[in-house]
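Observations on chain architecture
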Amino acid sequence: MLNQPIRPRRLRSSNAIRNLVAETTLTPADLIMPIFVKDSVTDKEPIFSMPGIYRHSIQSAIEQCKRIRDLGINAVALFPGIDNSLKTPQANEALNINGFYYEAISAIKDSNPELLIISDVALDPYSSDGHDGLVRGSLIANDETIEILAKMALYQAKAGADIIAPSDMMDGRVGAIRNTLENAQYHNTLIMSYAVKYASSFYRPFRDALESAPKKGDKKTYQMNPSNKKEALKEAKLDEEEGADILMIKPASIYGDIIHNIKKETTLPIAAYHVSGEYSMLKAASDKGFLNYETILFETLLSIKRAGANMILTYGAIDAAMLLNNKKII
Ligand code: PBG
């Protein structure tokens, strides 16, 4: 042992050495931008609880996607805003092959073939009850819902979606979707399952964006209890066995322990969804002048990668990619 002081600060003494020894890095290629599309919108429409995020027309979404691709982001997650007049208890519009969402997927795919499209499978955007599954009395009908979800997934794949993302949390839906895709020869369509999705209060701005909040009750009979950690391993394992290609955990920044745990137990890539409320919190604090948006966004995303995520869905994807490309956020 040298009789000299130990100086960990040597490895922090310049930007260059800090970069060389960084254990976790963030690049635009790690990020996925969620995009809301809505039929009745001309150009784009702001969402009051999500500053900087819009409901886009197809044309506006196409332009946004070009920008996203130019920034080095590889994928977008598309969510449909469905007119309230089309919402029904059976969520019929979900299986209207000529419906707006399928049109949006194919138009966006055609205009940006290299950008991966992640499509959403759940009934809440189409359901007049605002639930992810069919409501039967006070219950959410699991198996009946899955039949619809599997068809939706196939229609989305046909429209051009690269990655099917079931966000509904019904039991057995990943297996049903995988079977349906295989039987229809969609062997290369990926499934990113919302494997571990907690019943979180942080989804509220998303529900504002789609006007999709549950009319009655909550989502606690299908989404997970935030108290539970072991159960997350069960959900992740089941989705892996049923044929998921990528496992998603959400929310992200306040569930780092869960991301870390699942990363240890699986060989599948992990996605984490930095959800609407997690984004809006950062925006609100910076709009008030309490915190700096750019630095807290960066630090938050870094923490999600450090926890073990390979990729992050975040409404700050464009902003973070601009920062990483040394451009000012516009
Ligand atoms: C619904 C769905 C939700 C989100 C993605 N898909 C909300 C919910 O479960 O109520 C949340 C995403 C976010 O908050 O950004 N299928």
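Residues numbered from 1 in each chain as written. Predicted model: local features only at pLDDT ≥ 70, side-chain atom pairs only at ≥ 80, totals over all residues. Heavy atoms only, no water.

Focus on the pairing of strand β5 (residues 116-121)
Counting buried positions over the six residues of β5 gives five, a clear majority of the element. As for the winding sense of the linkage, the β-α-β connection from strand β4 (residues 75-81) through helix α3 (residues 100-111) to β5 is right-handed. Bridging between β5 and strand β8 (residues 163-166) involves four bridges; their strand directions are parallel. Following the sheet pairing, Val 121 is matched in β8 by Pro 166. (Buried < 20%, exposed > 50% of the residue type's maximum accessible area, 1.4 Å probe, protein only. Helix = DSSP H or I, 4+ residues; strand = E, 2+ residues; numbered from the N terminus. Right-handed = clockwise from strand over helix to strand, strands pointing away. Pairing = 2+ DSSP bridges.)

Topic: the nonpolar core
One finds Phe 36, Met 192 and Val 196 to be the most contacted residues of the largest nonpolar core, which totals 107 residues. Counting residues per element, this core draws most heavily on helix α4 (residues 142-159), at nine residues. Setting aside residues no more than four positions away along its own chain, Val 196 makes contact with Met 224, Ala 232, Glu 235, Ala 236, Met 248, Ile 249, Lys 250, Ile 258 and Ile 262. (Core = buried A, V, L, I, M, F, W, Y, C linked by side-chain atoms within 4.5 Å. Contact = heavy atoms within 4.5 Å.)

Section: the packing of α3 against α4
Angle between the axes and distance between the axes are the two parameters that describe a pair of packed helices. Contact pair α3 / α4: the axes reach a minimum separation of 8 Å and the direction vectors enclose 35 degrees. You can see that α3 and α4 cross each other, and the crossing is right-handed. Packed against α3, whose contacting residues are Tyr 101, Tyr 102, Ile 105 and Ser 106, the element α4 presents Met 152, Tyr 155, Gln 156 and Ala 159 at the interface. Grouping the amino acids of the contact of α3 with α4 by side-chain chemistry returns six nonpolar, two polar and no charged. (Axes fitted to C-alpha atoms, helices over the stretch in contact; angles between N-to-C directions. Left-handed = near helix turned anticlockwise from the far one by under 90°. Nonpolar A, V, L, I, M, F, W, Y, C, P; charged D, E, K, R; others polar.)

Observations concerning the pairing of strand β10 (residues 246-250)
Counted residue by residue, β10 has five buried out of five residues, so it is predominantly covered. Of the two faces of β10, the one holding Ile 246, Met 248 and Lys 250 and the one holding Leu 247 and Ile 249 are both buried throughout. When strand β9 (residues 190-197) meets β10, the two strands line up parallel, connected through five bridges. The residue of β10 that forms the bridge with Lys 197 is Lys 250. The sheet contact formed by β10 and strand β11 (residues 270-274) spans three bridges and is parallel. Pairing of Ile 249 across the sheet is with Ala 272, part of β11. In this view, the connection linking β10 to its parallel neighbour β11 by way of helix α8 (residues 256-265) has right-handed handedness.

Some details on empty space enclosed by the protein
In this approach the atoms are scanned with a rolling probe the size of a water molecule, which exposes any empty space left behind. Scanning the model with the defined rule gives three cavities of 30 Å³ or more in all. Taken as a whole, the largest cavity encloses approximately 150 Å³ of empty space. Where the lining of the largest cavity is concerned, the elements lending two or more residues are β9 and α6 (204-210). In terms of residue class, the lining of the largest cavity is built from seven nonpolar, two polar and seven charged. Put simply, the second largest cavity is a space of about 60 Å³. Along its surface, the second largest cavity is lined by Met 33, Pro 34, Ile 35, Phe 36, Gly 52, Ile 53, Tyr 54, His 56 and Gln 64. Those elements giving two or more residues to the lining of the second largest cavity turn out to be β1 (31-38) and β3 (54-56). The residue inventory of the lining of the second largest cavity, partitioned by class, reads six nonpolar, three polar and no charged. (1 Å grid on protein atoms, 1.4 Å probe; cavity = no way out; pocket = protein on both sides within 12 Å on 5 of 7 lines; lining within 4 Å. Points joined across faces, edges and corners; volume = space filled by probe spheres on them.)

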